Amino acid sequence: MKHSLCTSGERSVMFSTLLLLLPLLGFGLGIPSGVRAESVDTIDESLMMIEQVEARLELTSKLVTQVAQTASANGVDNVSDLEVLLQRATASSFNTASMQESIAEALGRRAAVNIDPVAFSTAAKAFAAAAERLREAGKVDDNAFSAQINARLKDQQAGPIIAALAQAMASPELAIETALTGQVMYSALEILTNSTAAELATLPPDALEPQLAEVIEQLRSKISNEKPVPKYVAAAEEKRQISLILAAIPQEDLDPLKTFYLSNEGKAKRDDLVIAYRHVFNAGNENLLNNYLRAILTYAKSQPPSQQN
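Criteria and thresholds
Residues numbered from 1 in each chain as written. Predicted model: local features only at pLDDT ≥ 70, side-chain atom pairs only at ≥ 80, totals over all residues. Heavy atoms only, no water. Helix = DSSP H or I, 4+ residues; strand = E, 2+ residues; numbered from the N terminus. Buried < 20%, exposed > 50% of the residue type's maximum accessible area, 1.4 Å probe, protein only. Contact = heavy atoms within 4.5 Å. Areas by Shrake-Rupley, 256 points an atom, 1.4 Å probe, with all protein chains shown as cover. Phe/Tyr/Trp six-rings, centres within 6.5 Å; stacked < 30°, edge-to-face > 60°. Salt bridge = Lys/Arg side-chain N within 4 Å of Asp/Glu carboxyl O. Axes fitted to C-alpha atoms, helices over the stretch in contact; angles between N-to-C directions. Parallel < 35°, antiparallel > 145°, perpendicular 65-115°, else oblique. Left-handed = near helix turned anticlockwise from the far one by under 90°. Nonpolar A, V, L, I, M, F, W, Y, C, P; charged D, E, K, R; others polar. pLDDT = per-residue confidence, 0-100. Expected span 1.5 Å × (residues − 1).

Some remarks on the overall build of the chain
A count of helices and strands for the chain gives 13 helices and zero strands. The order of helices and strands in the chain, counted from the N terminus, is α-α-α-α-α-α-α-α-α-α-α-α-α. Expressed as a percentage of the 309 residues in the chain, the buried residues total 54%. Contacts in the chain between residues far apart in sequence, at least 24 positions, make up 88% of those at least 6 positions apart. As presented, the chain carries roughly 13700 Å² of accessible surface, and 52% of it is formed by carbon and sulfur atoms.

Spelled out as structure tokens, the structure:
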């Protein structure tokens, strides 16, 4: 008999509520607080800095708490017990350093883009500084700064460039991967229900492993009833935040970004980044589910029937 995480109803993997997490859209990466601003030496490093790769990778460990809070608010059972298991599975499945190294290696396999690396590095640091400026402005009512940003977005010279860059950058697609990981975590917390607890307790530890990639792809292709954050909402919010950051960058630093992202070579590098990022997150998500399900099998077998929800 083939078991599937989705057969106990789409209820275990697919979702019904939508916007409880509006304050957490993009999981805090729209205006990042952890973007590095030190010197970068290569175009690939500058690209990863602009696309906030390190900050996104480091955020993964924080997702568990955010997702668990939303699941609990939505009435998911056993969250207080399962959150600990999910946190351990996440910590053992997502290694920021190795993931970043894999992405950098993938970018390095393509020839460098024909752009001044110093100018691109300067633009990367300007992007990081603008993101930090926006984060600080968000803590207070900075009307003058808000007016400056709005004027820049409407400017006939800068406005179209900002819109084109927000469309061309990888960040919205990277935000989708973060949202997908949140959905993987949420579905993991939903697994232990009345009907699934008894079923899980009868399975050997490796019974569900072949289906993990399938579960993740089902979540990736889902376009409705997504929890905790729909992928399209995360991408749209990220694009909006990128536009604000770009509007806070001096025109001279926008020009290298335009040169890079609107060139064929830059587009290819950008696509390499998305593919490599998605690859490491797919592997991390599969490992997360694998490690979590092994812990859940042990947990389910240890619970008397009267304590299972």
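Next, the rest of the story.
Comments concerning the packing of aromatic side chains
Taken as a whole and judged by the stated rule, the model has four aromatic pairs. For the pair Phe260 and Tyr261, a centre-to-centre distance of 5.0 Å together with 80° between the ring planes defines the contact as edge-to-face. An angle of 20° between the planes, with centres 4.7 Å apart, marks the rings of Tyr277 and Phe281 as stacked. In this pair, Tyr277 and Phe281 are both assigned in helix H13 (residues 264–302), four residues apart and thus about one turn of the helix distant.

Considering the environment of Ser98
The residue Ser98 is located in helix H4 (residues 96–108) in this model. With 182 residues separating them in the primary sequence, Ser98 and Val280 have C-alpha atoms 9.2 Å apart.

Some thoughts on the pattern of salt bridges
According to the stated counting rule, one finds 13 salt bridges in the structure shown. The partner of Glu132 in a salt bridge is Arg135, with the nearest N and O atoms 2.8 Å apart. Note that Glu132 and Arg135 are positioned in helix H5 (residues 117–137) at a spacing of three residues, about one turn of the helix. Note on Glu132: relative accessible area 28%, which makes it partly exposed. Note that Glu226 is salt-bridged to Lys231, the shortest N-O span being 2.4 Å.

Points about the packing of helix H7 (residues 158–168) against helix H11 (residues 231–247)
Think of two packed helices as two axes; the pair is described by the angle between the axes and how far apart they sit. Where H7 contacts H11, the two axes come as close as 9 Å, and the packing angle between them is 135°. Classed by the angle they form, the pair H7 and H11 counts as oblique. Relative to H11, the crossing made by H7 is right-handed. Side by side, H7 and H11 meet where Ile162, Leu165, Ala166 and Gln167 of the first sit next to Lys239, Ile242, Ser243, Leu246 and Ala247 of the second. Here the contact of H7 with H11 is composed, by residue class, of six nonpolar, two polar and one charged.

Quick look at unusual backbone geometry
What you tend to see is this: most non-glycine residues have negative phi, and most peptide bonds are trans. The amide bond that connects Lys227 to the next residue, Pro228, takes the cis arrangement and shows omega of 5°. Notably, Gln52 is not glycine yet its phi reads approximately 60°, a positive angle. Structurally, Gln52 is set in the loop between helix H1 (43–50) and helix H2 (53–73). Of note in this structure, Asn225 is not a glycine but carries a positive phi near 55°. Looking at where Asn225 falls in the secondary structure, it is placed in the loop between helix H10 (212–221) and H11. Residue Asn225 is classed as partly exposed on the basis of its relative accessible area of 44%.

Brief notes about the confidence of the model for the chain
Averaged over all residues, the pLDDT of the chain is 83; the fraction at 70 or higher stands at 80%. Here residues 1–28 scores under 50 on pLDDT; set against residues more than four positions off or in separate chains, the count is 71 contacts. Confidence over residues 30–40 falls short of pLDDT 50; this stretch has 32 contacts with residues more than four positions distant or in other chains.

Concerning helix H8 (residues 171–190)
The end-to-end C-alpha separation of H8 is 29 Å, in line with the 28 Å expected for 20 residues at 1.5 Å each. For H8, the tally of buried residues reaches 18 of 20 residues, placing the bulk of the element in the interior.

Quick word on the packing of H2 against H13
Where H2 meets H13, the closest approach of the two axes is 13 Å, and the angle between their N-to-C directions is 15°. On the basis of their axis angle, the class for H2 and H13 is roughly parallel. Here the hand of the crossing between H2 and H13 comes out right-handed. From H2, Val53, Arg56, Leu57 and Thr60 reach across to H13, where they touch Leu273, Tyr277 and Phe281.

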